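# Structural overview for review
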Amino acid sequence: MVAIHSQVIFITGGAHGIGAAAARKLHAQGAKLVLTDLDQAQLTALADELGGDRVLAVAADVRDLGAMQAAAKQAVERFGRIDTVVANAGIASYGSVLNVDPETFKRVIDVDVVGVFNTVRAALPAVIERRGYVLIVSSLAAFTPLAGMASYDAAKAAVEHFASALRQEVAYQGVEVGSAHMGWIDTPMVRDVKADLGAFGAMLAKLPWPLNKTTSVDECVDAFIEGIEGRRRRVYCPRWVALFRWLKPVLTLRAVEAPFIKGAATIVPQMDAEVAALGRSTSAHNEALEK
């Protein structure tokens, strides 16, 4: 166990959702925090809310390696070290492969995959010095892909493998690497999708329990903190998500996929029609940040 109050923790996507909630709880437990996000205004507001000299807020785009290296450099200059990195920043796209906006699809891969690489690459020298910990935020989607979410599914599967490869590379240097896998968490991203797309609600309704269950952000953050303290290889929230890692080969069998394929015949066209009506393939929040 590595006590939270003794750590400097670097979090991407730190202004919203899981990142912001984690920042609040970690700060309350005495951690020093380095928070990065593309949303300058919300990042500043969170830093002001937390107050004190234990928070460094750096507006940076995870797609920009130079910006992430600059953020890591500022972290070391301010606190002298980085003990833990949480590569949390992520977005999703709307619509089928045939109809999703190609630039939005690419943006998801850039943020969710390249952004993880840039984050780790920038902070890793400091983490190695501390024989620290890296937590890569993947998803249940790495094990159970769904129609209409191809970019997100592919990205989260990719970073799971990235974490596994990284673990092999840095274990001899005393660094531990974990991947976090969550089901549906009640984040702004999930709420945005529900608000934008009726098809998303229809898809959830067709999923068997517990795959259709939504979990609170607080429960997810508690799992993250437990994982950081224990330097765990896998963090699951809820805990039943672990089962789907082992069921992954079974879930790709034709007999198991058949009900999902049948349901997609109705849900995918509905989703694509709703996306076309919206005029965007991601949330309004993500669109605004790009402008």
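Just so it is clear, the structure is predicted and the values come from calculations on it, not from any experiment.

## Regarding the packing of helix H6 (residues 188-196) against helix H7 (residues 198-206)
Relative orientation of the contacting elements H6 and H7 amounts to 105 degrees, with a least axis distance of 5 Å. By the angle class used here, H6 and H7 are roughly perpendicular. Packed against H6, whose contacting residues are Val-190, Val-193, Lys-194 and Asp-196, the element H7 presents Gly-198, Phe-200 and Leu-204 at the interface. For the contact of H6 with H7, a count of residues per class yields four nonpolar, one polar and two charged.

## Considering H6
Those residues of H6 lying buried are Val-190, Val-193 and Asp-196. Considered in projection along H6, the buried side chains sweep an arc of 135 degrees and stay on one side of the axis.

## Topic: the environment of Gln-29
Summarising the element assignment, Gln-29 is placed in the loop between helix H1 (17-28) and strand E2 (32-37). Under the relative-accessibility criterion, Gln-29 is labelled partly exposed at 36%. Residues Gln-29 and Thr-266 lie 237 residues apart in sequence; the distance between their C-alpha atoms is 48 Å.

## Quick word on the side chain of Thr-84
Of note, Thr-84 is situated in strand E4 (residues 84-87). With relative accessibility at 1%, the residue Thr-84 sits in the buried group. Excluding its chain neighbours within four sequence positions, the residues that come into contact with Thr-84 are Gln-7, Val-8, Ile-9, Phe-10, Tyr-133 and Ile-228.

## Focus on the UniProt feature "domain: Ketoreductase" (unreviewed entry) in the protein chain
Following the UniProt record, the feature "domain: Ketoreductase" (unreviewed entry) maps to residues 7-187 here. Structurally, residues 7-187 comprises 48% helix and 19% strand, and the distance from its first C-alpha atom to its last is 26 Å.

## Some points on the sheet that holds strand E5 (residues 133-137)
Taken in spatial order, the seven strands line up as E3-E2-E1-E4-E5-E6-E9 in an open sheet, and their pairing is parallel. Looking at which strands have only one partner, the edges of the open sheet turn out to be strand E3 (55-59) and strand E9 (234-237). Looking at each pair of strands side by side, their axes are set apart by 15 degrees on average, direction ignored. With five bridges joining them, E2 and E3 adopt parallel strand pairing.

## Examining the side chain of Asn-88
Relative to the helices and strands, Asn-88 resides in the loop between E4 and helix H4 (102-129). A relative accessible area of 12% means that Asn-88 is categorised as buried. In this structure the side chain of Asn-88 is engaged in a polar contact, spanning 3.2 Å, whose partner is the backbone oxygen of Gly-13. Setting aside anything within four residues of it in sequence, one finds Asn-88 in contact with Ile-11, Thr-12, Gly-13, Ile-18, Gly-19 and Val-137.

## Digging into the packing of aromatic side chains
All told, the structure shown has two aromatic pairs when counted by the stated rule. Their ring planes at 90 degrees and their centres at 5.1 Å tell us that Trp-184 and Phe-200 sit as a pair that is edge-to-face. Within this pair, whereas Trp-184 is found in strand E7 (residues 184-185), its partner Phe-200 is found in helix H7, the two being separated by 16 residues in sequence. Residue Trp-184 is classed as buried on the basis of its relative accessible area, which comes to 13%. With a centroid separation of 5.8 Å and an interplanar angle of 70 degrees, the aromatic rings of Trp-240 and Phe-244 are classed as edge-to-face.

## A look at the pattern of salt bridges
Following the criterion strictly, the structure yields 14 salt bridges and no others. Measuring nitrogen to oxygen at the nearest pair gives 2.7 Å for the salt bridge that ties Lys-25 to Asp-222. Of this pair, Lys-25 sits in helix H1 while Asp-222 sits in helix H8 (residues 217-230), placing them 197 residues apart in sequence. Taking relative accessible area as the criterion, Asp-222 reaches 41% and is therefore assigned partly exposed. In this structure, Lys-106 engages Asp-110 in a salt bridge whose closest nitrogen and oxygen atoms are separated by 2.9 Å. Of this pair, Lys-106 and Asp-110 both sit in helix H4, four residues apart, roughly one helical turn.

## Looking at the environment of Asn-286
One can find Asn-286 in helix H11 (residues 284-290). Through-space distance from the C-alpha of Asn-286 to that of Met-189 is 9.3 Å; in sequence the pair is 97 residues apart. For Asn-286, the contacting residues outside a window of four places in its chain are Ile-91, Ala-92 and Arg-107.

## Some thoughts on the pairing of E5
Across the five residues that make up E5, a large majority, five, are buried. Of the two faces of E5, the one lined by Tyr-133, Leu-135 and Val-137 and the one lined by Val-134 and Ile-136 are each fully buried. Summarising the sheet, E4 and E5 pair through four bridges and their orientation is parallel. Counted as the bridge partner of Val-85 is Val-134 from E5. As a crossover connection, the stretch from E4 through H4 into E5 is right-handed. Looking at chain direction, E5 and strand E6 (residues 176-182) are connected through five bridges and run parallel.

About the thresholds
- Residues numbered from 1 in each chain as written.
- Predicted model: local features only at pLDDT ≥ 70, side-chain atom pairs only at ≥ 80, totals over all residues.
- Heavy atoms only, no water.
- Axes fitted to C-alpha atoms, helices over the stretch in contact; angles between N-to-C directions.
- Helix = DSSP H or I, 4+ residues; strand = E, 2+ residues; numbered from the N terminus.
- Parallel < 35°, antiparallel > 145°, perpendicular 65-115°, else oblique.
- Contact = heavy atoms within 4.5 Å.
- Nonpolar A, V, L, I, M, F, W, Y, C, P; charged D, E, K, R; others polar.
- Buried < 20%, exposed > 50% of the residue type's maximum accessible area, 1.4 Å probe, protein only.
- Arc of directions from axis to C-beta.
- UniProt positions renumbered as here; feature names shortened; annotations may be inferred.
- Pairing = 2+ DSSP bridges.
- Polar contact = N/O pair within 3.5 Å; in protein donor to acceptor, adjacent residues only side chain to side chain.
- Phe/Tyr/Trp six-rings, centres within 6.5 Å; stacked < 30°, edge-to-face > 60°.
- Salt bridge = Lys/Arg side-chain N within 4 Å of Asp/Glu carboxyl O.
- Right-handed = clockwise from strand over helix to strand, strands pointing away.

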